[in-house]
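Tertiary structure, described
Chain residues, written in single-letter form:
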Amino acid sequence: MDHLQELLESDNKGEIIYARLANALMNGLLLPNERLKIRDLAETMGTSVTPVRDAVLRLVQDGALIMPSPRDIRVRSLTLTEYLEIRSIRLELEGMIAAKAALLATPEDIRKLEDMLAHNETALGAADAQTGLELNQSFHFELCRIARMPILTGILHQLWIKIGPLIAQSYSKGGRHMIDYHYLVVRSIKERDPQAAKIAIQTDLLSGGSVMLQLKIDETSH
């Protein structure tokens, strides 16, 4: 039983560390090509290297990290082709989510979305890119919660751990492009207009993504 308990505790630690690292990728705390060291992560998280290594290997399998050698672990930098594919998938999935959210949102849900926008305006005004990034991610996944589509949300989560570092790399250059269409999304949801909500979130992805697209084009041309 002691050995079983030890295994369960180890698995639980691995899940917690995986979630923390995935969240760091999604929220832009880790940038493309940034190097990670397992011992440093273990020390920061107050745990042994084993659950950290397990979590890192899972993220390598997920395509969010790369590990050319056991001592060289880095945040994956998407190619232009990979970015365009992920963007195309997000356009479909997040469009579906926004449309469903427009049908299901309660007044409380709408107030929460509006509160996120207000906080994001404050972050934008203060040039606080990190808070803006976190609020941006929260906004998109709040739509998932409102839409009540957990399977689709899981798929989107896997895309965001890949795209999050690139969003962070380009977020501050995006300026108002990263927030303006969120207002149209919320307005469409308030008006119970699923088609308008779908178009608004897709326009948001294309508008904010223009900076990311140019970044990948510039990398490809050099």
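In this report, we go over the structure that sits alongside the text. Predicted model only: the values in this text are computed from it and were never measured.

**Some remarks on the packing of helix 4 (residues 80–104) against helix 6 (residues 129–147)**
Viewed as axis vectors pointing N to C, helix 4 and helix 6 meet at an angle of 55 degrees, and their least axial separation amounts to 8 Å. In terms of axis orientation, helix 4 runs oblique to helix 6. The interaxial crossing formed by helix 4 with helix 6 has left-handed handedness. In this structure, helix 4 contributes Arg90, Glu94, Ile97, Lys100, Ala101 and Leu104 to the contact, and helix 6 contributes His140, Leu143, Cys144, Ile146 and Ala147.

**Here we look at the layout of surface pockets**
Its volume calculated, the largest pocket comes out at about 340 Å³. Lining the largest pocket, in full, are Arg35, Leu36, Lys37, Ile38, Arg39, Val49, Arg53, Leu57, Met67, Pro70, Arg71 and Ile73. Looking at the lining of the largest pocket, the elements that each hand over two or more residues are strand 1 (35–36), helix 2 (38–45) and helix 3 (49–61). Ranked by residues supplied to the lining of the largest pocket, first place goes to helix 3 with three residues. A per-class count over the lining of the largest pocket returns seven nonpolar, no polar and five charged.

**With respect to the sheet that holds strand 1**
Taken together, three strands build an open sheet; the order of strands is 1-3-2 and the sheet is antiparallel. The two strands at the open ends of the sheet, each matched to only one other strand, are strand 1 and strand 2 (65–69). Pairing analysis gives two bridges linking strand 1 to strand 3 (residues 72–75), with the strands arranged antiparallel. Within the sheet, the bridge partner assigned to arginine 35 lies in strand 3 and is arginine 74.

**Observations regarding the packing of helix 6 against helix 7 (residues 150–174)**
Relative to each other, helix 6 and helix 7 sit at 155 degrees, their axes nearing to 11 Å. Between helix 6 and helix 7, the crossing angle belongs to the class labelled roughly antiparallel. Viewed along their axes, helix 6 and helix 7 form a crossing whose handedness is right-handed. Along the contact surface, helix 6 presents Ala129, Gly132, Leu133, Asn136, Gln137, His140, Phe141 and Cys144, while helix 7 presents Thr153, Leu156, His157, Trp160, Ile167, Ala168, Tyr171 and Ser172. A class-by-class count of the residues in the contact of helix 6 with helix 7 yields nine nonpolar, seven polar and no charged.

**Observations concerning the environment of methionine 26**
Here methionine 26 lies in helix 1 (residues 2–26). Overall, the relative accessible area of 5% leaves methionine 26 in the buried class. Once the C-alpha coordinates of methionine 26 and leucine 166 are considered, the two residues, 140 residues apart in sequence, prove to be 9.6 Å apart. For methionine 26, the residues in contact, after removing those within four places along its chain, are Gln137, Phe141, His157, Trp160, Ile161 and Gly164.

Procedures and definitions
- The residue count restarts for each chain, going from 1 along the sequence in the order it is written.
- Selection of residues for local features in this predicted model requires a pLDDT of at least 70, selection of side-chain atom pairs for listing and counting requires 80 or more, and totals for whole chains, interfaces and linings are taken over all residues.
- Excluding hydrogens and water, the side-chain values take into account all heavy atoms of the structure.
- Interaxial angle, 0 to 180 degrees, is taken between N-to-C directions of lines fitted to C-alpha atoms, where a helix line uses only the stretch in contact.
- Strands are runs of DSSP state E lasting at least 2 residues, helices are runs of H or I lasting at least 4, and numbering of each runs from the N terminus.
- Should an angle fall under 35 degrees it is taken as roughly parallel, and over 145 as roughly antiparallel, whereas 65 to 115 is taken as roughly perpendicular and any remaining angle as oblique.
- By definition, turning the near helix anticlockwise from the far helix through less than a right angle yields a left-handed crossing, and turning it clockwise yields a right-handed one.
- Every residue pair with non-hydrogen atoms within 4.5 Å of one another is taken to be in contact.
- Using a grid of 1 Å spacing that covers the protein atoms alone, one calls a set of points a cavity when a 1.4 Å probe fits there but cannot get out, and a pocket when the set is open and has protein on both sides within 12 Å along at least five of seven lines; lining residues are those with an atom within 4 Å of a point.
- Grid points are joined across faces, edges and corners, and a volume is the space filled by probe spheres set on the points.
- Three classes are used: nonpolar for Ala, Val, Leu, Ile, Met, Phe, Trp, Tyr, Cys and Pro, charged for Asp, Glu, Lys and Arg, and polar for all others, with Gly counted as polar.
- A pair of strands is labelled paired if DSSP reports no fewer than 2 bridges between them.
- A simple rule labels every residue: compare its accessible area, found with a 1.4 Å probe on the protein chains alone, to the largest value its type can have, and call it buried under 20%, exposed over 50%, or partly exposed in between.

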